[in-house]
Amino acid sequence: MAFELLDLPYSYDALAPYMSAETFEYHHDKHHQAYVTNGNKLLEGSGLEGKSLEEIVKGSFGNNAGLFNNAAQHYNHLHFWNWMKPNGGGNIPGALEAKIISDLGSVEKFRADFINAGMTQFGSGWAWLTLIDGKLSVTKTANGENPLVHGGVPLLGVDVWEHSYYIDYRNARPKYLEAFFDDMINWEYVEKLFEAAS
Ligand code: MN3
């Protein structure tokens, strides 16, 4: 299955001022496009042609770094665009909120832990809400790595590569993470992934 860059699910300026059209023009049209283009080149002859994206991510981890980096980043960004929406943030849907309180203590603690995971990821990477063995946890990974390769299902992720926030926030990664959580998260999409994984 060849990788394909889909259009954003909203207009380029839909998340301004929290994430600008200029950021999306670089992040979606150039960075994500490069993962798709390079991933397709590296997929040829890898033995993983014809597999699903999830299978390619898991199958290349640890043995084909070039393909893994591009396939995993394609997977991460496909979801990342959908993990945000205009007028996002706000109330977490009931069943997911109950699970967060049960597994992670409280919504406030989850918010603090998620932001802290993004802040403390040294260099490029992602912070995650993941479902693993039926339980939610907050994790972080370097570069393109994601919870799929650690036996988890990624329910929510935030990109902390500088290309995701430097145009709008410069070096203020914490401000970006707070805006992501409070004003950009598409909880309905997170809920959909949670229901599919539960
Ligand atoms: Mn990115």
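1. Describing the coordination of the manganese ion
No. 1: Surrounding the manganese ion are the protein donor atoms His27 (NE2), His77 (NE2), Asp159 (OD) and His163 (NE2), at 2.0 to 2.2 Å.
No. 2: Coordination of the manganese ion draws on donor residues from a single chain, spaced H-x49-H-x81-D-x3-H in sequence. In this pair, His77 sits in helix H3 (residues 65-82) while His163 sits in the loop between strand E3 (153-159) and helix H6 (166-169), placing the two residues 86 residues apart along the sequence. Here the two residues His77 and His163 agree in accessibility, since each one is buried.

2. As for helix H4 (residues 94-104)
No. 1: Along H4, the residues classified as buried are Leu96, Ile100, Asp103 and Leu104. Taken down its axis, H4 places every buried residue within 85° of arc, on the same side. Turned more than 90 degrees away from the buried face of H4, the exposed residues are Ala95 and Ser102.
No. 2: Positive phi shows up at Gly105, right after H4, with a value of about 105°.

3. Digging into the domain arrangement of the chain
No. 1: As far as domains go, the chain holds domain 1 (21-82) and domain 2 (94-197).
No. 2: Using C-alpha coordinates to define each centre, domain 1 is positioned 20 Å away from domain 2.
No. 3: Contacts between the two partners involve 19 residues from domain 1, matched on the other side by 22 residues from domain 2.
No. 4: Between domain 1 and domain 2, roughly 1700 Å² of surface is buried when both sides are summed, and carbon and sulfur atoms account for 64% of that area.
No. 5: Broken down residue by residue, the surface that domain 1 buries against domain 2 is led by Thr23, Phe80 and Asn82, which jointly contribute 29%.
No. 6: In this assembly, domain 1 and domain 2 are joined by zero salt bridges.
No. 7: Our count for the domain 1 to domain 2 interface comes out at ten residue pairs in polar contact (both at pLDDT 80 or more).
No. 8: The set of elements that each furnish at least two residues to the side of domain 1 that touches domain 2 consists of helix H1 (21-43), helix H2 (53-60) and H3.

About the cut-offs
- Residues numbered from 1 in each chain as written.
- Predicted model: local features only at pLDDT ≥ 70, side-chain atom pairs only at ≥ 80, totals over all residues.
- Heavy atoms only, no water.
- Donors = N, O, S within 2.8 Å, 3.2 Å for Na, K, Ca; no water.
- Helix = DSSP H or I, 4+ residues; strand = E, 2+ residues; numbered from the N terminus.
- Buried < 20%, exposed > 50% of the residue type's maximum accessible area, 1.4 Å probe, protein only.
- Arc of directions from axis to C-beta.
- Domains from an automatic or database assignment.
- Contact = heavy atoms within 4.5 Å.
- Buried area = accessible area lost by both parts, 1.4 Å probe.
- Salt bridge = Lys/Arg side-chain N within 4 Å of Asp/Glu carboxyl O.
- Polar contact = N/O pair within 3.5 Å; in protein donor to acceptor, adjacent residues only side chain to side chain.

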